Amino acid sequence: MSKIPVWIDCDTGVDDAAAILTAGQLEKIEIVGISAVAGNVPLEKTTKNCICVSDLMGRDYPVYAGASRPWIRPYEDASSVHGNSGLGGAVLPEPSKAPEKEKAWEAIYREAVKRSGELELVATGPLTNVANALTLYPDLKDHLKRILIMGGAASGGNVTPCAEYNILTDPDAAQAVFRSGVKVYMFGLDVTEKAYVTRKELEEINEYGSPVTTFFHDSVEPRISWYEELGFPGSCLHDVCPLLYLEHPEIFRTEEAGVFVETQSELTLGKTVTDLFSDHQFEEKNAVVALDIDRDAFIKYMFEALKKY
Ligand code: RIB
Ligand code: CA
């Protein structure tokens, strides 16, 4: 059976790296391209990190650089969470190559047309590159199967009480994506904050002792204390969720919804407003929102993948 072609647009940081590593060993999917956007750390570092992770995997994925800043809002990184390099406590060798010459959005469009409607576009960072592609190439929406994002939250936030980092970093781009006409599968904090790895599980995977499991441990380990101080049982691996969904949708609970993004308000900027819990429904069910996950299965499948390298 032919594999599902998957493009990963990311701001490689710790959990983006875990997502790429996991996706690289899933049976049903084939990573056909990786693009970097400014987010957790600046574009130069996210681009370098994508290439370094590809090198660690022993793969030669084409990596493309994208936007260095959001559409309108000033760019704010998350290096306080992901470390100055973006890879937490891990150190990788210098990248084996430079990024490709094409801009991220050019490459996403080219690949989508080539895959004639089968390309799954997964975005685990701010949506600037994805929105650029949809805006510059109006027919892109006809060539994509779905857009799956780590971002937003039906309730709550992790930067403000109502906004999650990826959406808040570029709310205008996010709104363009939700309005694009392409179904958006939204893996927000509702589900990704349940997708955590505990300190005990992290030590267990570290005992496996391969370069990939050691990298995973070293990159995630500094964030465990940060999350524990916030009251979490472990470190949330947000970005793994949309990739694992492509292989194991059965471990998630999802609901169809209308979702749109607040781009004006000072108080609620970046909120993904859903009609999941309201009497009034949006006219358009433009999204599928993930609300729950079987965390034991999440850890099982992710660790199985990390051990396969
Ligand atoms: O809010 C979590 C998201 O922001 C994750 O994608 C993490 O990598 C950061 O980009
Ligand atoms: Ca990310």
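Here, every reference points to the structure presented above.
All figures in this text were calculated on a predicted structure; none of them were measured in a lab.

Enquirer: Explain the pattern of salt bridges to me, please; I cannot follow it from the model alone.
Expert: All chains considered together, the criterion is met by 19 salt bridges. A salt bridge links Arg115 to Glu111; its shortest N-O distance comes to 2.7 Å. When its relative accessible area of 21% is taken as the criterion, Arg115 is described as partly exposed. Put simply, Glu304 and Lys300 hold a salt bridge, and the shortest N to O gap is 3.6 Å. Placement of the pair is Glu304 and Lys300 together in helix H12 (residues 295-306), with a separation of four residues, close to one helical turn. Its relative accessible area of 43% is what places Lys300 among the partly exposed residues. What you see here is one network of salt bridges that share partners, running through Glu102, Arg110, Glu111, Lys114 and Arg115.

Enquirer: What is the right way to read the packing of helix H4 (residues 104-114) against helix H5 (residues 128-136) from this model?
Expert: The geometry of H4 relative to H5 is characterised by a closest axis approach of 8 Å and an angle of 60° between their N-to-C directions. Taken together, the axis directions place H4 and H5 in an arrangement best described as oblique. The chirality of how H4 crosses H5 is right-handed. On the side of H4, the interface is formed by Ala104, Trp105 and Ile108, while H5 contributes Asn129, Asn132, Ala133 and Leu136. Residues belonging to the contact of H4 with H5 are distributed by class as follows: five nonpolar, two polar and no charged.

Enquirer: Teacher, can you tell me more about the site of ligand 1 here?
Expert: If you check the shell around ligand 1, you find 13 residues, and the closest are Asp15, Thr124, Asn158, Glu164 and Asp239. In the environment of ligand 1, an oxygen atom lies 2.9 Å from a nitrogen or oxygen atom belonging to the side chain of Asp11. Between ligand 1 and the protein, one listed contact pairs an oxygen atom with a side-chain N or O atom of Glu164 at 2.6 Å. Listing elements by their share of the shell around ligand 1, those giving two or more residues are helix H1 (14-23) and helix H6 (165-169). For the shell around ligand 1, the residue count by class is two nonpolar, six polar and five charged.

Enquirer: Quick question: what am I supposed to make of the packing of helix H11 (residues 240-247) against H12 here?
Expert: Think of two packed helices as two axes; the pair is described by the angle between the axes and how far apart they sit. Relative to each other, H11 and H12 sit at 85°, their axes nearing to 11 Å. Considering their axes alone, H11 and H12 lie roughly perpendicular with respect to each other. On H12, the residues that touch Val240, Cys241 and Leu244 of H11 are Phe298, Tyr301 and Met302.

Enquirer: Whenever I open this one, the packing of aromatic side chains confuses me. Can you help?
Expert: We describe a pair of aromatic rings using the distance from one ring centre to the other and the angle between the two ring planes. All told, the structure shown has ten aromatic pairs when counted by the stated rule. Aromatic side chains Phe187 and Phe252 sit 5.5 Å apart centroid to centroid with 80° between the ring planes, which places their arrangement in the edge-to-face category. Of the two residues, Phe187 is situated in strand E6 (residues 184-187) and Phe252 in strand E9 (residues 252-257); the sequence distance between them amounts to 65 residues. Pairing Trp226 with Tyr227 gives two aromatic rings, centres 4.9 Å apart and planes at 90°, and the pair type is edge-to-face. By relative accessible area, Trp226 is classed as partly exposed at 35%.

Enquirer: I would appreciate a short explanation of unusual backbone geometry in the present structure.
Expert: Glycine aside, residues mostly have negative phi angles, and peptide bonds mostly take the trans form. The backbone of Ser116 shows a phi angle near 35°, a positive value even though the residue is not glycine. Tracing the sequence through the fold places Ser116 in the loop between H4 and strand E4 (119-123). Residue Ser116 is classed as exposed on the basis of its relative accessible area of 56%.

Criteria and cut-off values
Residues numbered from 1 in each chain as written. Chains lettered and ligands numbered in written order. Predicted model: local features only at pLDDT ≥ 70, side-chain atom pairs only at ≥ 80, totals over all residues. Heavy atoms only, no water. Salt bridge = Lys/Arg side-chain N within 4 Å of Asp/Glu carboxyl O. Buried < 20%, exposed > 50% of the residue type's maximum accessible area, 1.4 Å probe, protein only. Helix = DSSP H or I, 4+ residues; strand = E, 2+ residues; numbered from the N terminus. Axes fitted to C-alpha atoms, helices over the stretch in contact; angles between N-to-C directions. Parallel < 35°, antiparallel > 145°, perpendicular 65-115°, else oblique. Left-handed = near helix turned anticlockwise from the far one by under 90°. Contact = heavy atoms within 4.5 Å. Nonpolar A, V, L, I, M, F, W, Y, C, P; charged D, E, K, R; others polar. Near = heavy atom within 4 Å. Polar contact = N/O pair within 3.5 Å; in protein donor to acceptor, adjacent residues only side chain to side chain. Phe/Tyr/Trp six-rings, centres within 6.5 Å; stacked < 30°, edge-to-face > 60°.

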